[in-house]
Amino acid sequence: MRAAILQLPSIGMGSNKLENYARVAHQKGVKLVLMGEYLLNPFFKELIQMPLNMIAEQSAHQIETLKALATKYELTFVAPIVTVKKKECTKMIAKVNARSVTYYPQQFLINYPHWNEEKFFNNPIEAVKPPMIFSCDGFKFAVMGGFELHFDPMWEAISSKVVDAVLVPSASTFESHNRWRELIKTRAFTHNCYILRANRVGEYFDEKHAWKFYGDSMVVSPDGEIEADLGNTEELLIVDLDRKSLTESRKGWGFKEALRKRR
């Protein structure tokens, strides 16, 4: 199964970039395209200063664009988007194909003083639910936001539902490069699944911080090895997911079988 990771900064409503990359992905036989956080909308620190009607208009336009491209190029897009309802913003991840648009509300949001998504967005704080899970071209995918990777309950469904690949859009910045690499490799290995991480690029400056988004989008194998990665510029990474590698990894390490004996 062939997928693609699209590494970009935020894109405006009039951009032709999505069309260009969708065309290339289709020509290369790609079935699914993963995009990073705060690409279809501005970065969080800019977003919170925008009027709600402008956010709603932008998000609606971007979803319509993805629907048209999904239909034209026979693609499935997975991309974070901000929705607006009753004067409240919700941080979502959308799965868009020619037939439907499905939204997953992110369950864990960053809540630090310098970056408090939990305070701004209207996402409910409640018992943890399984992430979005769907099938595409014979592979079973799960979707979770980058921050959600840190929380063990998010991973219970990955094992119980035998998920083949986890799609992780992120907007990682500051000096977190090595920490994210180790976290992703460990999660992929302990759950014997692929992880595709799409991180954004670009910069944002405020009075106190320089937010430099470093890219490093990657695909990690079920054995926890980085199979391919990107640098810190705008790029498209095309990856092949192999059913045989999944089977061999799960059989070879036997983690699921070890658990089954103890239940």
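This write-up is about the structure you can find in this document. Note that the structure is predicted; figures quoted are calculated from it, not measured.

### With respect to the packing of aromatic side chains
Part 1: Evaluation of the coordinates by the stated rule reveals 18 aromatic pairs.
Part 2: Centre to centre, the rings of Phe44 and Phe121 are 5.9 Å apart; their planes meet at 45°, and the pair counts as tilted. With a gap of 77 residues between them, Phe44 in helix H2 (residues 44-47) and Phe121 in the loop between helix H4 (117-120) and strand E8 (132-136) connect regions that are remote in the sequence. Phe121 matches Phe44 in its accessibility class, with the two residues each being buried.
Part 3: Between Trp253 and Phe255, the aromatic rings sit 6.1 Å apart at their centres with planes inclined by 25°, giving stacked as the arrangement.
Part 4: For Trp253, a relative accessible area of 46% puts it in the partly exposed group.

### Some points on a negative patch on the surface
Part 1: Side chains of Asp223, Glu225, Glu227 and Asp242 sit close together on the surface and give a patch of like negative charge.
Part 2: Mapped onto the secondary structure, Asp242 falls in the loop between strand E16 (235-240) and helix H7 (243-253).
Part 3: Residue classification places Asp242 among the partly exposed positions, given a relative accessible area of 34%.

### Some words on the nonpolar core
Part 1: Counting 61 residues, the largest nonpolar core has Phe141, Val166, Leu196 and Leu241 as its most contacted members.
Part 2: With 25 residues, the next largest nonpolar core counts Ala4, Tyr21, Leu40 and Leu66 among its residues.

### A few points about the sheet that holds strand E5 (residues 101-105)
Strands pair in a sheet through their backbones, by hydrogen bonds, and they do so in one of two ways: parallel or antiparallel.
Part 1: Across the sheet, which stays open at both edges, the six strands sit in the order E5-E4-E3-E2-E1-E16 with mixed pairing between neighbours. Whereas interior strands pair on both sides, the edge strands pair on one side only; in this sheet they are E5 and E16. The mean inter-strand angle of the sheet, taken between neighbouring strand axes irrespective of direction, is 30°.
Part 2: Judged from the six bridges that link them, strand E1 (residues 2-7) and E16 form a sheet pairing that is antiparallel. Bridging from a neighbouring strand, Ala3 pairs with Val239 of E16.

Parameters and conventions
- Residues numbered from 1 in each chain as written.
- Predicted model: local features only at pLDDT ≥ 70, side-chain atom pairs only at ≥ 80, totals over all residues.
- Heavy atoms only, no water.
- Phe/Tyr/Trp six-rings, centres within 6.5 Å; stacked < 30°, edge-to-face > 60°.
- Helix = DSSP H or I, 4+ residues; strand = E, 2+ residues; numbered from the N terminus.
- Buried < 20%, exposed > 50% of the residue type's maximum accessible area, 1.4 Å probe, protein only.
- Patch = residues over 30% accessible without salt bridge, like charges linked within 9 Å, V, L, I, M, F, W, Y side chains within 5 Å.
- Areas by Shrake-Rupley, 256 points an atom, 1.4 Å probe, with all protein chains shown as cover.
- Salt bridge = Lys/Arg side-chain N within 4 Å of Asp/Glu carboxyl O.
- Lys, Arg positive; Asp, Glu negative; His and termini not counted.
- Charge placed at Lys NZ, Arg CZ, Asp CG, Glu CD.
- Core = buried A, V, L, I, M, F, W, Y, C linked by side-chain atoms within 4.5 Å.
- Pairing = 2+ DSSP bridges.
- Axes fitted to C-alpha atoms, helices over the stretch in contact; angles between N-to-C directions.

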